[in-house]
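The lines below spell out each chain.
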Amino acid sequence: MTRKQRIFLSLCAALLVTDVGLVAMNAVTARGALMAAMRDRAASLREGFAIALYTTELKLTEIASFVAEIEEVRAHLSQAGTILAQTPPGGAEPPDLERARQSLLNIVGPRWTQLRFRYLLRQLSFYLPPDGTVLLRADIPYAYGDRARQPDSLASMAASTGRPAAGFDIDRLSVGLRAAVPVGGDRPLGVVEVGTALDTMMIPICPNARCGTAILLDQAAVERRMAPEAVAGTFTDDRRIGPWLIEASSNPAITRTLMGPDGPPIVADDANLVEVGNRWLAVTRFSLADHLGKEDPARPPVGTVVAWMDVDEAVHAFERTQLLNLGVAVLAFLLAAGLVRLLLAVVVQKLEGEVRQRTAEVQALLVEVSHLANHDPLTGLFNRRAFTEGLNAEITRAQRNGGAFSLVSLDLDRFKGINDTHGHPTGDAALRMVAALVRDTIRTRDSAGRLGGEEFGLLLPDTGAEGAAALAERLRDRVATHPLSTPSGAALTVTFSAGVAEWQPGLDEETLLRRVDEALYAAKAAGQNRVMRAEAEAPACTEG
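Each chain carries its own residue numbering, running from 1 in the written order of its sequence. In keeping with the model being predicted, local features are shown solely for residues with a pLDDT of at least 70 and side-chain atom pairs are shown and tallied solely at 80 or more, while totals for entire chains, interfaces and linings include all residues. Only hydrogens and water are set aside; all other atoms, that is, all heavy atoms of the structure, feed into the side-chain values.

Considerations on the nonpolar core
For clarity, the threshold we go by: Remark: nonpolar core denotes a set of buried residues (Ala, Val, Leu, Ile, Met, Phe, Trp, Tyr, Cys) joined through side-chain atoms within 4.5 Å. Any residue under 20% of the maximum accessible area for its type is buried, any over 50% is exposed, and the rest in between are partly exposed; the area is computed with a 1.4 Å probe on protein chains only. For helices the rule is a DSSP run of H or I covering at least 4 residues; for strands it is a run of E covering at least 2, with both sets numbered from the N terminus onward. A contact between two residues is defined here by any heavy atoms of the two lying within 4.5 Å.
Among the nonpolar cores identified, the biggest contains 61 residues, and Phe49, Phe126, Phe168 and Leu288 are the most heavily contacted of them. Tallying contributions element by element places helix 1 (residues 3-68) first for this core, with nine residues. Beyond its immediate chain neighbours, meaning those up to four positions away, phenylalanine 126 contacts Val67, Val73, Leu77, Leu104, Val108, Thr133, Val134, Leu135, Leu136, Val191 and Val192. Counting residues in each nonpolar core, the second largest holds 31 residues, with Leu410, Ile418, Val494 and Val531 among its members.

Below you can see the structure in the form of structure tokens.
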């Protein structure tokens, strides 16, 4: 072998080592950037869950406090407590206690129906001192008379401290997110407890199919507090994965793959890149504490939250980038040492373009997530949180600059009948149709939102009650004369009832919402398919 050949081979070997080193370095850098993006997404999921949990607890506490302040509720709890105190231990329940229970049910029953659908509640219970006897469960009126035996339950803590308590709780019959509020000062007449399922929080956390959330409970923790028959009835075989019980999941199949006995190892409080069904997911897992764990961080968690996001496109982009880098390195090796610097410049430029492209994709994703966080995914209108923020801003503007604005609350008539008769797809089509007509009717500066279920809200700046009522009438007429096709081919007429209230100096958000709700209830009571305005001194409407 000649010297020239040896030099050539030495240069080729040096070039090969350099190329291999560059490829490896680029792969490490790109993977580090990919994992950093995954960690950001995992952190956003954890933060979204914490925010949703906190806001849901606040809303439950507000609802329980509202029920506890109803004068008829206080009176009936006081009466029932007196009757129970006079009943001998172990004696039969006196008829007067049953009459008190029925009277209380007559008071809260209509409100419970409204609250259940408006706020997605699944529990409203009333407890009596001193041992936490259940006077009434509005959600299951036939289940009463048992006692909140655990002294550390939410209801027991609220009764003993005289202060509201909220958080995730496991009691004898069920699990869920709850808030308990004492009724009547330091020596409470009783406790009001409301609760909801954790799956109501999943939509704002993961508003589309590209991400998902699952809430799993430790089976041993549940069995320590929940009656065996309630555990068996609530958590059937399809809701069990090894030591875990599925409380809620947006995708049970993915949940079983991730948490099953053959599932991948998932590091808690970090981003994990996992391939599920030929798609890559960024998975994070963090602990779920009950209301006692909020006060004592050393207390073992009662479950775990698993959240994931589809990152298949980002992973494949990473893989394509690595193949591209390898091809460039081979080309640079074949073209000799003189072209290395030029080819490296091209590679660097291309890599920077890829980084910019991925950055733009991430920013576009963030914009999309931000939009979904403020809009209802079915109708495209503002969701309740965003609409309420707009209402608060309009009240602040009116208080500072003067002027008028009006609030319209409309609720589709007999919407449950549409779902029951024609199916939920037709109900969804009706909601989308109404939303489209709303957008086509209101002005550019007006705001519209879906407040929950079949209820919509309109915020009309610089508009008095008369103008708002006229707009609502036009919208009502357009909806009523815009038939909707059903799967059977029949034309379905959709109508709504609406309440209109004009903001006046001194009104806060709660009072304005109450007035527009009263007008809406009056429209419903007057026969539906009409618009009614709230008077300046509107009397409280009878709910029903």
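Next comes the rest of the account.
Here we look at the confidence of the model for the protein chain
Low-confidence regions, as indicated by low pLDDT, have predicted coordinates that should not be scrutinised in detail. To be explicit about the condition: pLDDT is defined as a per-residue confidence score from the predictor, taking values between 0 and 100.
In the predicted model, the protein chain carries a mean pLDDT of 85, and the fraction of residues at 70 or more is 92%. Contacts for the low-pLDDT stretch residues 538-544, under 50 throughout, to residues beyond four places or in other chains number 12 contacts.

With respect to the packing of aromatic side chains
How we decide: Centres within 6.5 Å are what make two rings of Phe, Tyr or Trp a pair, Trp counting through its six-membered ring; a difference in plane orientation under 30 degrees is then read as stacked, over 60 as edge-to-face, and the rest as tilted. Placement of a positive charge over a ring is assigned whenever Lys NZ or Arg CZ falls within 6 Å of the ring centre and within 35 degrees of the normal to the ring plane.
Within the structure shown, the criterion is met by two aromatic pairs. A centroid spacing of 5.5 Å and a plane angle of 65° characterise the contact between phenylalanine 49 and phenylalanine 286, whose relative ring orientation is edge-to-face. Residue phenylalanine 49 is located in helix 1, and its partner phenylalanine 286 is located in strand 10 (residues 279-288); the two are separated by 237 residues in the primary sequence. Across the pair, exposure class does not vary: phenylalanine 49 and phenylalanine 286 are buried alike. With centroids separated by 5.8 Å and ring planes inclined at 10°, the aromatic side chains of phenylalanine 405 and tryptophan 503 adopt a geometry described as stacked. Of the two residues, phenylalanine 405 is situated in strand 12 (residues 405-412) and tryptophan 503 in the loop between strand 17 (496-502) and helix 16 (509-525); the sequence distance between them amounts to 98 residues. Directly above the ring of tyrosine 144 sits arginine 101, whose terminal nitrogen or CZ lies 3.5 Å from the centroid.

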